[in-house]
Amino acid sequence: MNLYEFQSKQIFAKHGIPIPKGELAQTPEEAEEIAARLGGRVVVKAQVLAGGRGKAGGIRLAETPAEARAAAEAILGMQIKGLTVRRVLVDQAADIAQELYLGIVLDRAGRRLVLMASAAGGVDIEEVAAAAPEKIARAEIDPLLGLQPYQMRQVACDIELDRALLTQFTRIGLGLYEALMRSDATLAEINPLAVTAGGELLALDGKMVVDDNGLYRQPELARAREMLEESPAEREARQYGLSYVKLDGYIGCMVNGAGLAMATMDMTKLFGGAPANFLDIGGGARADRVAAALRIILADPNVRAVLINIFGGITRCDEVARGILEAFAQVPSKVPVVVRLIGTNEEEGRRLLAEANFITARTLSEAARRAVEAAQAGTAAPAV
Amino acid sequence: MNLYEFQSKQIFAKHGIPIPKGELAQTPEEAEEIAARLGGRVVVKAQVLAGGRGKAGGIRLAETPAEARAAAEAILGMQIKGLTVRRVLVDQAADIAQELYLGIVLDRAGRRLVLMASAAGGVDIEEVAAAAPEKIARAEIDPLLGLQPYQMRQVACDIELDRALLTQFTRIGLGLYEALMRSDATLAEINPLAVTAGGELLALDGKMVVDDNGLYRQPELARAREMLEESPAEREARQYGLSYVKLDGYIGCMVNGAGLAMATMDMTKLFGGAPANFLDIGGGARADRVAAALRIILADPNVRAVLINIFGGITRCDEVARGILEAFAQVPSKVPVVVRLIGTNEEEGRRLLAEANFITARTLSEAARRAVEAAQAGTAAPAV
Amino acid sequence: MSILLDNRSRVVVQGITGREGSFHTLQMVEYGTQVVAGVTPGKGGEWLEGIPIFDTVAAAVEATGADTSAIFVPAPYAADAIMEAAAAGIQLIVCITEGIPALDMLKVVAFVRSRGARLIGPNCPGLITPGQAKVGIMPGHIHRPGPVGVVSRSGTLTYEVVYSLTQRGIGQSTAVGIGGDMIIGSSFVDILELFERDPYTDIVVMIGEIGGNEEEIAAEYVAGHMTKPVVAFIAGLTAPEGKRMGHAGAIIAGRSGGAKEKIARLKEAGVRVAEHPEQIADIVAGML
Amino acid sequence: MSILLDNRSRVVVQGITGREGSFHTLQMVEYGTQVVAGVTPGKGGEWLEGIPIFDTVAAAVEATGADTSAIFVPAPYAADAIMEAAAAGIQLIVCITEGIPALDMLKVVAFVRSRGARLIGPNCPGLITPGQAKVGIMPGHIHRPGPVGVVSRSGTLTYEVVYSLTQRGIGQSTAVGIGGDMIIGSSFVDILELFERDPYTDIVVMIGEIGGNEEEIAAEYVAGHMTKPVVAFIAGLTAPEGKRMGHAGAIIAGRSGGAKEKIARLKEAGVRVAEHPEQIADIVAGML
């Protein structure tokens, strides 16, 4: 789960990392009031879970409260990478002498966290990594010991940080580590970490990615999830324990298992189609969950055919078949449905569906081919 | 630093360990009020940093508030192992079905913490360890990983704990570990950990020893030190950074270094004397600290001779000599003083003292012998 | 035996009295696995279909000589269960449980390594040596013994591949699901090494997906150290960047971890990469 | 060389610009120790009497090839300094600092061991190989080269013993103060092992005190593994039970750790135990 800039920065502040004074606004009027309260120059920043806000015009400087209002007016409602901006953060503008990068990220292959810092901050760190990897200093964090102050000092030397900032920098790094650990995050990033003209370090932007597996013990963050811009479909999917991601294609996919789901999507492409979504019903899915999955897929107006691919292991094919029937009873649809069931209780599952006149397939490639054909044929035989 | 029972139990409670309802009383009236508030049977317990309170009559059951008042009256002011009881804890009495032992202690040789548990609780665990070591289950705690729940389950099995208590017991063990870690303690002990008739676990008594080296980051505990029954001499010594322990003998000792101080005390015994105190002035002691040390020693009316043994390394002998002169200028005394100075700047130190007519010695044994002789001679030449 | 598991492996099931634990225990037994013990704290002394239950793994190991563990305990307790197994001397720990926080797994993996044990998973289907034993949740009947080693980050996608191999009469030496989480106990390379040394394995099938760079590291290993042919498939060509695809393993962030890059690296390393899962069986058939 | 330290040892001083650090650096140099570098974060690039100062131990090691560290940084930062030294590849770390919390030291000792380094201290006077080098705060001039290895938990008491040895013309191979804290990096046994193997050491003097049971463990080691004679002294016969005597190492709690028990165990192990510090020299003289 990605956190918004303002959420990340609030967590940073709790762990002693200095952030600019600022408040969240949902209307231009609020932005104006906040700017008046803060005094002086402010920066108005779109709160949206997408990169490239700056280039998209989602970050604007304002010299006066009236300018802040105008900036908020321009930004609120803006679309950035398909996401609508509903909130802006109004921050006191800082007098920036230098921009650093400081982040901690999960190193999957190394099975540890790695802290990275660079004197080339303020830009996409991946671009720095690609163009000038020597500009990024790293510290590997021992999972049993945690980040140690000496590692921060080492990193500070490696990026040739002004020595006067050493103590602050070390404290911020340790705070960032605490923030990550206590939030079950897999990434915590300050970019830029500004050196102000007054010689202070200040986290101007913040990004955190929280591990969904840790949310059960992060009640505050779990509640913060409510602020995320989820579509109704995504929200419903989550409530049923389904993994759903909407895409641009027209073949709705319902599969058990993430890997098989992706392979199924890939297969539709291979046969000239385009997947409308990723949807993993998970292991051992019961009929009601399957029905919810189908409802979500069918609610997408782009869907011209549905491909159901179930390889039963924990998941029982007869339960899946019952869920499919239940869904079509609730939401009658004319969209053609191709079903491929295999594994545990497959005979019973096939028997149930055969009665309902679905298109069935024995193999994944056959199923994908038929789904693409059905979708491209425009309409096909009604499902129920 | 040892904590009182009530302090330990308050810390336990903060970490989720169930303790009886109870309050602290400094007068019999307060004890009566508390007993009335708690209702039912209470136990009145002397708060004193000494073992064997029960045998000394420092723990009494009371059926009514009036009985609680009488019990407090009897206990307050009582002397237990030389310590005066100034407070009692009035706890709701528990209906005890079984008494367990649960403790975590620093294993110096193993360089780790060890959790110990026994079904034979309520008695001195060292007696259990001596008489029936097989009755004590242990779990070694990995310093980098900390106590894990599976270790608690293992220990529970080893002491054949009632399975219904497994979850509670595990939680209490983990809470005790947290309590110890967050308090910089080297010992945290619940004895007895009662199994109540209602099938609940309850920490009836608590003991913690806090590492003095950790007090700089334990401001609450450092303040709690004020509650300790220190003598004025011990308090003054601590304020000057001196290690001072009063003993029963008559030869006051002032030494630099704990090991040399003990060896010096041992040496007075070997020559037929008895040390009046342990006093380590530490490394690099300045004149004012030396003067304070001498004042503290001379304030003890039992002292019949003073033995000063300084082996200068960091500590400079001339500084020590100046401190001695300063002290005798402030507090003139007729007690004979034997001085042995050796090491850094010893010539200058000896020269300063020679002018003041002290008894000097070249070796430790000579110094000890002379101090014992001087003490036994009753009075000797005045120091200044 | 093939790798890691055979019919002499002595298996203890942690969480044996749970719904999944008990169901799959019986499935494992039915497949021929020697399940010698179960563990559920507080239920020591009970039995499940003739299998003794213990309160702790240590007690189970002492009483039954178990050397392999299958973990079915719920996510909040699973990290502790893995460490318990490693501390009790279990050599092969297979954690089926899904949903363990990544930060917990960092500590667990370090601990398991320090004990010299091997962890498969978590969030994995387990492993199977066809005809001998299975420790996990895969449907046993789709497998058959043979010369193809299978290693995969996915669950049902592995079944798909194994099924198509078996349908063409091609058996498997051992099939290992290493799990889809960000932090897992054994990597592709760990398992490739074992297959390379295993005399019963002639060809290795590797099934990867987007996210992370384990496949890229595996490609390097194959180029440098493998003499046996490797056939691969990578799922997720149609997955968009930055979107989370079902399990935590499958995130593409920025330029790394994409399916195209993985496929390119594998091809450079001499790996035959299939265009779709069923094609794997075609390629393997052509090699035998 | 004798053990651990000689005139080829290349020493870096952590906390070199502090009051104690700078004073003792000069003392060490004067004694003949090769102090090749100092470390004070934020002061890299400065010099102390011709010794270059670095911001990190890693930089000091890279530039000067330091292999031994002396730590003089204040207690709240000392645990980190020890780990920094170990991480930078320093082989011998000598921590003079007093007052490091015991719980920090548990982690530090585990970390240092995992790096294969050796830690002496904390809260110790350091070590000296007379005539060659000293790393610590002991007065160098009271020592002389010779065949007696000295190992002690105490500071000034060690000087006392060394002084009386030197006064009688008996020199020392190496004198090691292992420190008075509850948790220390090297135990009596660790150092006894080194003396037993050292061809320049003929007799070992061991100076213990009340508290803990390192002396008892050492007695067991001497009985089982030492061929060289060991002479001991234990301070604290007159210390009362349960009272803290100056440093954390010297607590007697309950029945263990008392001077009488320690002396009894050492005697059983064949160790000659002196009645007072000066007697050690008498006993050693009789053995030579």
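Notes on the structure follow. The numbers attached to residues start from 1 for each chain and follow its sequence in the written order. Here chains are named by letter from A upward and ligands by number from 1 upward, in the order in which they appear as written. Side-chain atom pairs in this predicted model are given and counted only at pLDDT of 80 or more, local residue features only at pLDDT of at least 70, and totals for whole chains, interfaces and linings cover all residues. Side-chain measures were taken over the full set of non-hydrogen atoms in the model, leaving aside hydrogen atoms and water.

1. A closer look at the sheet that holds strand β2 (residues 42-46) of chain A
Residues and elements named next belong to chain A. Using the following cut-off: One requirement defines pairing of two strands: DSSP has to find at least two bridges between them. Helix and strand assignments come from DSSP, with helices taken as H or I runs of at least 4 residues and strands as E runs of at least 2, each series counted from the N terminus. Note on definitions: angles span 0 to 180 degrees between N-to-C directions of axes, and those axes are lines fitted to C-alpha atoms, for helices only across the stretch in contact. Any two residues whose heavy atoms approach within 4.5 Å at even a single point are treated as in contact.
Read from one edge to the other, the open sheet built from four strands follows the order β1-β6-β2-β3, with strand pairing classed as antiparallel. In the strand order of this sheet, the two ends are held by β1 (22-25) and β3 (59-62), each with one partner. Averaged over all neighbouring strand pairs, the angle between strand axes comes to 20°, with direction disregarded. In this sheet, strand β6 (residues 88-92) lies alongside β1 in antiparallel orientation, the contact comprising four bridges. Across the sheet, residue E23 finds its bridge partner in β6, namely V90. The strands touched by helix α1 (residues 5-14) within the sheet are β1, β2 and β6, with β6 carrying the most contacts at an inclination of about 45°. Docked against the sheet, helix α2 (residues 28-38) engages β1, β2 and β6, running at close to 170° with respect to β1.

2. Considerations on the nonpolar core
For clarity, the cut-off: Among buried residues, the Ala, Val, Leu, Ile, Met, Phe, Trp, Tyr and Cys ones that are joined through side-chain atoms within 4.5 Å form a nonpolar core. Each residue's exposure class comes from its accessible area (1.4 Å probe, protein chains only) as a fraction of the maximum for that residue type: buried when under 20%, exposed when over 50%, partly exposed otherwise.
Residues A:L102, A:F169, B:L102, B:F169, C:I82 and D:I82 are the most contacted members of the largest nonpolar core, which totals 156 residues. The residues contacting A:L102, other than those within four sequence positions of it, are A:L115, A:M116, A:A117, A:M152, A:F169, A:I172, A:G173, A:L176, A:A188, A:E189, A:I190 and A:L193. Ranked by size, the runner-up nonpolar core spans 100 residues in total, among them C:V13, C:I178, C:A219 and C:I263.

3. Topic: the interface of chain A and chain D
The condition that has to hold: By convention, the term buried area covers the 1.4 Å-probe accessible surface removed from two parts as they join, with the contributions of both added. Think of a salt bridge as a Lys or Arg side-chain nitrogen and an Asp or Glu carboxyl oxygen that are within 4 Å of each other.
On the side of chain D, 13 residues touch chain A, which itself brings nine residues to the contact. Around 1100 Å² of area is buried between chain A and chain D when both sides are counted, 60% of it from carbon and sulfur atoms. At the junction of chain A with chain D, the criterion picks out three salt bridges. With a closest N to O distance of 2.7 Å, A:R153 and D:E84 form a salt bridge.

4. A look at the side chain of D:K228
All names here are of chain D. In plain terms, the rule: Neither His nor the chain ends contribute to the count of charged residues, in which Lys and Arg are positive and Asp and Glu negative. By the criterion applied in these results, polar contacts are pairs of N or O atoms within 3.5 Å in which, for protein atoms, one can donate a hydrogen and the other can accept it, and in which residues neighboring in sequence qualify only through two side-chain atoms.
Considering the arrangement of structural elements, one finds K228 in the loop between α7 (214-225) and β13 (230-235). Comment: no salt bridge for buried K228; closest opposite-charge side chain is E196, at 5.5 Å. A polar contact of 2.5 Å, which involves the side chain of K228, links it to the backbone oxygen of D198. A polar contact is formed between the side chain of K228 and the backbone oxygen of T201, at a distance of 2.8 Å. Discounting residues that sit within four places of it in the chain, K228 has contacts with F195, E196, R197, D198, T201 and D202.

5. Some remarks on helix α10 (residues 287-298) of chain B
All names here are of chain B. Inclusion rule: The length a helix should cover is 1.5 Å for every residue beyond the first.
Over its 12 residues, α10 extends 16 Å from the first C-alpha to the last, a length consistent with the 16 Å expected when each residue adds 1.5 Å. All buried positions along α10 are accounted for by A287, V290, A291, A292, A293, L294, I296, I297 and L298. Contacts made by the buried residues of α10 are with α8 (232-239), β13 (243-246), β14 (251-255), β15 (277-280), β16 (305-312) and α11 (317-330).

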